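Residue strings, one per chain:
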Amino acid sequence: MSERITGALFKEMILHGAAAITARKQEINDLNVFPVPDGDTGTNMSMTIAAAVTELRKADYVDYVQIDQAASVTASALLRGARGNSGVILSLLFRGMSKSLKGQESADALIFAAAMQEGVSAAYKAVMKPAEGTVLTVSRLAAKRAADLAEAGEKDLEVIFQEALSAGYDALAQTTELNPVLKKAGVVDAGGKGYLFILEGMLAALRGEPLRDVSEYGGPDKADFAALTDEEITFTFDTVFIVRKKPGVELNRFRAYLSSIGDSLVIGEDDEAFKVHVHTDTPGDALNEARKYGVLELAKIENMRLQYDDMAAGRKPRSTDDLDAVEQELEAMEEEQKQNKNNNINNINPGNNLNNNLNNPPKAYGFLAVCAGDGMSAIFRDLGADAIVSGGQTMNPSTESLLTAVEEINAENIFILPNNGNIIMAARQCAGLTSKNVIVIPSKTIPQGITAMMNVDFDAPDAVSLESAMTESLSGVHTAAITYAARDSEFDGFQIHEGDYLALDEGKLFGTDASLHVLLERVAKAASQLKASFISLYYGDNVEEPAALAAAKMFEHVCPDAEVAVLSGGQPVYYYIISIE
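Residues numbered from 1 in each chain as written. Predicted model: local features only at pLDDT ≥ 70, side-chain atom pairs only at ≥ 80, totals over all residues. Heavy atoms only, no water.

K.L.:
Teacher, can you tell me more about the overall build of the chain here?
P.N.:
Across its full length, the chain carries 23 helices and 16 strands. Considering the chain as a whole, with its 581 residues, one finds that 51% of them fall into the buried category. Restricting the contact set of the chain to residue pairs at least 6 apart, pairs at least 24 apart contribute 71%. A total accessible area of about 26,300 Å² is found for the chain, and carbon and sulfur atoms account for 49% of it. (Helix = DSSP H or I, 4+ residues; strand = E, 2+ residues; numbered from the N terminus. Buried < 20%, exposed > 50% of the residue type's maximum accessible area, 1.4 Å probe, protein only. Contact = heavy atoms within 4.5 Å. Areas by Shrake-Rupley, 256 points an atom, 1.4 Å probe, with all protein chains shown as cover.)

K.L.:
Just to check I follow, could you spell out the nonpolar core for this structure?
P.N.:
Note on soluble globular proteins: their nonpolar side chains tend to be buried together. In this structure, Phe-10, Phe-112, Tyr-195 and Met-202 are the most contacted members of the largest nonpolar core, which totals 68 residues. Tallying contributions element by element places helix H10 (residues 190–206) first for this core, with 10 residues. In contact with Met-202, not counting residues within four places along its chain, are Met-13, Ile-14, His-16, Gly-17, Phe-94, Phe-112 and Phe-161. Ile-446, Leu-466, Met-470 and Phe-491 belong to the second largest nonpolar core, which has 34 residues in total. (Core = buried A, V, L, I, M, F, W, Y, C linked by side-chain atoms within 4.5 Å.)

K.L.:
I'm lost on the environment of Gly-294 in this one. Help?
P.N.:
Assignment of secondary structure puts Gly-294 in strand S4 (residues 294–303). Excluding its chain neighbours within four sequence positions, the residues that come into contact with Gly-294 are Val-243, Arg-244, Lys-245 and Lys-246.

K.L.:
Can you help me understand the packing of aromatic side chains in this one?
P.N.:
Between two aromatic rings, the relevant description is the distance of the centres plus the angle of the planes. Here the structure, examined in full by the defined rule, presents nine aromatic pairs. Considering the side-chain rings of Tyr-365 and Phe-415, the 6.0 Å spacing of their centres and the 65° angle between planes classify their relative orientation as edge-to-face. Residue Tyr-365 is located in strand S5 (residues 363–371), and its partner Phe-415 is located in strand S7 (residues 411–417); the two are separated by 50 residues in the primary sequence. Seen from the ring of Phe-510, Arg-522 lies directly overhead, with NZ or CZ sitting 5.0 Å from the centre. (Phe/Tyr/Trp six-rings, centres within 6.5 Å; stacked < 30°, edge-to-face > 60°. Lys NZ or Arg CZ within 6 Å of the ring centre and 35° of its normal.)

K.L.:
Could you clarify how one ought to interpret the packing of helix H11 (residues 252–261) against helix H18 (residues 399–408) in this entry?
P.N.:
Angle between the axes and distance between the axes: these two values describe a pair of packed helices. For the pair H11 and H18, interaxial distance at closest approach is 8 Å and the crossing angle is 95°. In terms of orientation, H11 lies roughly perpendicular with respect to H18. Counting all contacts with H11, which are made through Asn-252, Ala-256, Ser-259 and Ser-260, the residues of H18 involved are Glu-400, Ser-401 and Thr-404. Residue composition of the contact of H11 with H18, grouped by class: one nonpolar, five polar and one charged. (Axes fitted to C-alpha atoms, helices over the stretch in contact; angles between N-to-C directions. Parallel < 35°, antiparallel > 145°, perpendicular 65-115°, else oblique. Nonpolar A, V, L, I, M, F, W, Y, C, P; charged D, E, K, R; others polar.)

K.L.:
Could you clarify how one ought to interpret helix H6 (residues 109–126) in this entry?
P.N.:
Every α-helical turn comprises 3.6 residues, leaving residues that sit three or four positions apart pointing alike. Across its 18 residues, H6 extends 26 Å between first and last C-alpha, which sits within 8% of the 26 Å expected from 1.5 Å per residue. Every buried residue of H6 is accounted for by Ala-109, Phe-112, Ala-113, Ala-115, Met-116, Gly-119, Val-120, Ala-122, Ala-123 and Tyr-124. In this structure, the buried residues of H6 make contact with helix H1 (7–23), helix H4 (67–81), helix H5 (84–101), helix H7 (135–151), helix H8 (157–178) and H10. Two or three places before Leu-110, at the start of H6, stands the capping residue Asp-108, its side-chain oxygen 3.2 Å from that residue's backbone nitrogen. (Expected span 1.5 Å × (residues − 1). Polar contact = N/O pair within 3.5 Å; in protein donor to acceptor, adjacent residues only side chain to side chain.)

K.L.:
Sorry if this is basic, but what is going on with the environment of Phe-235 here?
P.N.:
Among the structural elements, Phe-235 can be located in the loop between H10 and strand S1 (237–245). By relative accessible area, which is 7% here, Phe-235 ends up buried. Distance from Phe-235 to Gly-373, taken between C-alpha atoms, is 9.6 Å for residues 138 residues apart in sequence. Apart from residues no more than four positions distant in its own chain, Phe-235 is found in contact with Ile-261, Gly-262, Asp-263, His-279, Thr-280, Asp-281, Met-304, Arg-305 and Ser-390.

K.L.:
Just checking my understanding: could you explain the sheet that holds strand S15 (residues 563–568) for this structure?
P.N.:
As summarised here, the arrangement of the six strands in space is S13-S12-S9-S16-S14-S15, forming an open sheet in which the pairing is mixed. The outermost strands of the open sheet, each flanked by one partner alone, are strand S13 (508–513) and S15. Sheet twist, expressed as the mean angle between neighbouring strand axes with direction ignored, is 20°. In terms of strand pairing, strand S12 (residues 501–505) meets S13 through five bridges, oriented antiparallel. What sits directly across from Tyr-501, in S13, is Asp-513. Sheet strands in contact with helix H22 (residues 516–529) are strand S9 (478–484), S12, S13, strand S14 (534–539) and strand S16 (576–580), and its direction is about 140° off that of S13. (Pairing = 2+ DSSP bridges.)

K.L.:
I keep staring at the sheet that holds strand S8 (residues 437–440) and nothing clicks. Help me out?
P.N.:
For sheets, the rule is that strands pair by backbone hydrogen bonds, running either parallel or antiparallel. The four strands are arranged S6-S5-S7-S8 in an open sheet whose pairing can be described as parallel. Both edges of this open sheet fall to strand S6 (387–390) and S8, since each of them pairs with a single strand only. Pairwise comparison of adjacent strand axes, ignoring direction, gives a mean angle of 25° for this sheet. Of the strand pairs in this sheet, S5 and S6 are connected by four bridges, and their pairing is parallel. Counted as the bridge partner of Val-370 is Val-389 from S6. Where H18 meets the sheet, its contacts fall on S5, S6, S7 and S8, and the angle it forms with S5 comes to roughly 150°.

K.L.:
Explain the pattern of salt bridges to me, please; I cannot follow it from the model alone.
P.N.:
When their charged atoms lie close together, side chains carrying opposite charge are able to pair. Applying the stated criterion across every chain yields a total of 12 salt bridges. A salt bridge links Glu-27 to Lys-193; the nearest nitrogen and oxygen atoms lie 3.1 Å apart. Here the residue Glu-27 occupies a position in helix H2 (residues 25–29), and Lys-193 occupies one in helix H10, the gap between them amounting to 166 residues. Linking Arg-244 and Glu-297 is a salt bridge whose minimum nitrogen-to-oxygen distance equals 2.6 Å. In this pair, Arg-244 sits in strand S1 while Glu-297 sits in strand S4, placing the two residues 53 residues apart along the sequence. If you follow the salt bridges from partner to partner, you end up with Arg-24, Glu-27, Lys-193 and Glu-200 in one network. (Salt bridge = Lys/Arg side-chain N within 4 Å of Asp/Glu carboxyl O.)

K.L.:
Sorry, what's going on with the side chain of Ser-139 here?
P.N.:
Looking at where Ser-139 falls in the secondary structure, it is placed in helix H7. You can call Ser-139 buried: its relative accessible area is 1%. Dropping the residues within four chain positions of it, Ser-139 is found in contact with Leu-93, Val-120 and Tyr-195.

As structure tokens, then:
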């Protein structure tokens, strides 16, 4: 029987909750309304709460006396680590809980149930258009059951949590009927299920059960190339290094920086050193940034794309283990190589923006875009974006990674273009975490973001008028996309087979076929019916330029009155992202 939650017990409850959802995150990811490889709710929620785990495990927070301290640290870490809508809502649930627990040394059933309800209230208030049949419904009814029992005199927190879970699962089963999209797909709400997994973990801590051994917290030193395909390698270089720490350094900003230039990030640390594993296209930037936090001891960088090619051809994958065999050949070139390396490192300085900020007065407007692919990044930079955060479908950046980029832009007003509906909420959290004026343009697609940047008046008299012009421009853009099915499914009258091509129109399933050409032609005909004047085809990293040019020719034939452009986006997941104006 548990009658009070102390600060130390609350910490254990968060650790258990994080382990529970991490162990079952793929189960949540699989609850997709489309069989598109974009199921990331479990990943987003597990990474969000993992940020709290990292903070709670720091040496400064080993022994908690009061629950309000542990709750405050948790809420702050969740806010900064929030990824995707599900991660932001999770952070709001704990932010409201922390507010309710302020000043409390410990919490009995009545106090904690009230805190759960305050968390739900905070989440509902923050969501602009709260929809039922989501995690909001599940958390609300779970908290209500807890509060009703506590008010009726139940003092055992284990009973309170068990009954809250029971009510939550009843509510989860109803999400299929409450949400039309879920009903079409025949699934329950992924975020609601993830929240219940966290509550299950918290209950396990109350019962004194051992913490799950979840391998994700340790992370691999080396990528599992056998489990990858070339399309799944988002970033090229598997990068691992060890740094001897400077006294008193904190790694939050470094973690956020690495998240902005790569993925598969794991950082382990002790009092003397930290070890980093990250996949990135710019390992030099990662190593150079690490110098701010200590002295580099060891580093290993391997090209995963070349290793994959080796495996596909039946060859032994090349690795840093082979370097001993060629070391003698390089000895004669050692001095020259060292000089070249020093020159390269001196030329790559991700802190330049921050240093320049100290010497130059801020400009009026700065622009931050979220996108994936070298081509997309180049397009946004050409249009005037000051910074790019890598992200998009299946890889939503955290609030902290966005905030880090915001702080490095030397401007008074920062406009963020999320370019994905699942990133907007995380972007909006930045506003309360910086002294700069952060304005989020609610772009839900890459074409909307590009159009918004094309409508920027860099000499606008004020930020309000510029925000209005950029936001109004979004409505003139129609977005289509071609991706593929990750599994067999039936949705909204479509029989979908794994590997089929899928056409999405404004995010909704438009058609499916085994032929990419057939789907492109259907999209072209739809563009013709919309009387399009401008059509832009952004082709992905798995489309060759000749194929993209052929697709553009077909669009020109079907839409003779439209101006058709074809550009390399280099984006993952989508073969084509198509802007229709």
